Amino acid sequence: MSKAEERNFAGVLFNPGNPELKAIKLRQHDLNLAYNQLLEEESEKRSAMIKDMLAEVGEGTFFQGPIFFHYGKHIKVGSHVFVNFNFTVQDDTWVTIGDHCDFGPNVTIVTPVHPLRYQERLAMRNEKGEISRLCYAKPVHIGSNCWFGANVTVCPGVTIGDGCVIGAGAVVTRDIPANSFAAGVPAKVIRTITEADSMANLPEHLGGCAPLTEEEYQAGVGMKD
């Protein structure tokens, strides 16, 4: 962590135009372009590049691309995560994502917060008394086994618990408890996800398929490590 980044992580006002921060972002933006130009079959190059971009990334995680990371190095992603087209993360501070999550197209995660008064967006005095443009950032935490529909936006400071489903087009502005289905603008918890939501109760869509038994799930049958 550079000296400049300490203010990002502390949740206090910082200058996004700080030369150290700009250098990190410029490097990452160039890596974004390079990754997005790789063919999907160039899997080894893509995997190596993602590991170079992010703070942490687990085994079996796949980014369809194109991807758009702001810093990159402030993102931690677990194992066996699938990320569809146009994934955008403005990671001015930490963004953490658990294991076995799935992201539909055009999902955006943002952490920076700007002053509401336009005068303060234009200029404030920094910690040294200098005139500067300033903002602050709030971390985002996403648990494991979550599904995000297309065009979801996750706003600064949000925590989403394990096992959640976020409906397409939702704008998540507040925490979502584990095992919840949430949707809307702003996103609200619609209900808790239960056994009643099993595909076993949708025979018209099964086409001869079937869910695993609870015993098989507990034993990890078919699950990736």
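Residues numbered from 1 in each chain as written. Predicted model: local features only at pLDDT ≥ 70, side-chain atom pairs only at ≥ 80, totals over all residues. Heavy atoms only, no water.

Focus: the packing of aromatic side chains
Argument step 1. With the rule as written, the count across this model stands at seven aromatic pairs.
Argument step 2. Here Phe87 and Phe103 contribute two aromatic rings whose centre-to-centre distance is 5.2 Å and whose plane-to-plane angle is 50°, an arrangement assigned as tilted. In this pair, Phe87 sits in strand β6 (residues 87-90) while Phe103 sits in strand β8 (residues 102-103), placing the two residues 16 residues apart along the sequence. Pair check on accessibility: Phe87 and Phe103 agree, each one buried.
Argument step 3. An aromatic cluster is built from Phe63, Phe69, Phe87, Phe103 and Phe148, whose rings are joined through pairwise contacts. (Phe/Tyr/Trp six-rings, centres within 6.5 Å; stacked < 30°, edge-to-face > 60°. Helix = DSSP H or I, 4+ residues; strand = E, 2+ residues; numbered from the N terminus. Buried < 20%, exposed > 50% of the residue type's maximum accessible area, 1.4 Å probe, protein only.)

Describing the sheet that holds strand β14 (residues 140-142)
Argument step 1. Strand order in the open sheet made by the five strands is β1-β4-β7-β14-β17, with parallel pairing throughout. Taken across any chain shown, the strands that pair with only one partner, and hence form the sheet edges, are β1 (56-57) and β17 (159-160).
Argument step 2. In the sheet, β14 pairs with β17 via two bridges, with the strands oriented parallel. Among the inter-strand pairings, Ile142 is bridged to a residue of β17, identified as Ile160. (Pairing = 2+ DSSP bridges.)

A word on the environment of Gly60
Argument step 1. Topologically, Gly60 is positioned in the loop between β1 and β2 (62-63).
Argument step 2. Between the C-alpha atoms of Gly60 and Ile193, which are 133 residues apart in sequence, the distance is 26 Å.
Argument step 3. Not counting residues up to four positions away in its chain, the partners in contact with Gly60 are His80 and Val81. (Contact = heavy atoms within 4.5 Å.)

A few points about the pairing of strand β20 (residues 180-183)
On any regular strand, side chains alternate: one points to one face of the sheet, the next to the other face.
Argument step 1. Residues Ser180 and Ala182 point to one face of β20 and are all buried, whereas Phe181 and Ala183, pointing to the other face, are not buried.
Argument step 2. As paired strands, strand β18 (residues 165-166) and β20 are joined by two bridges and run parallel to one another. Bridging from a neighbouring strand, Val165 pairs with Phe181 of β20.
Argument step 3. Here β20 folds back onto strand β21 (residues 188-192) in antiparallel fashion, the turn holding four residues, of which Gly184 has a positive phi close to 105°.

Some points on unusual backbone geometry
Argument step 1. Cis geometry marks the peptide bond from Gly65 to Pro66, where omega comes out at 5°.
Argument step 2. As for its position among the elements, Pro66 is in the loop between β2 and β3 (67-69).
Argument step 3. Val185 connects to Pro186 through a cis peptide bond whose omega is -5°.
Argument step 4. Summarising the element assignment, Pro186 is placed in the loop between β20 and β21.
Argument step 5. With phi around 55°, His80 is a residue other than glycine that occupies positive phi space.
Argument step 6. Here His80 lies in the loop between β4 (75-77) and β5 (82-83).

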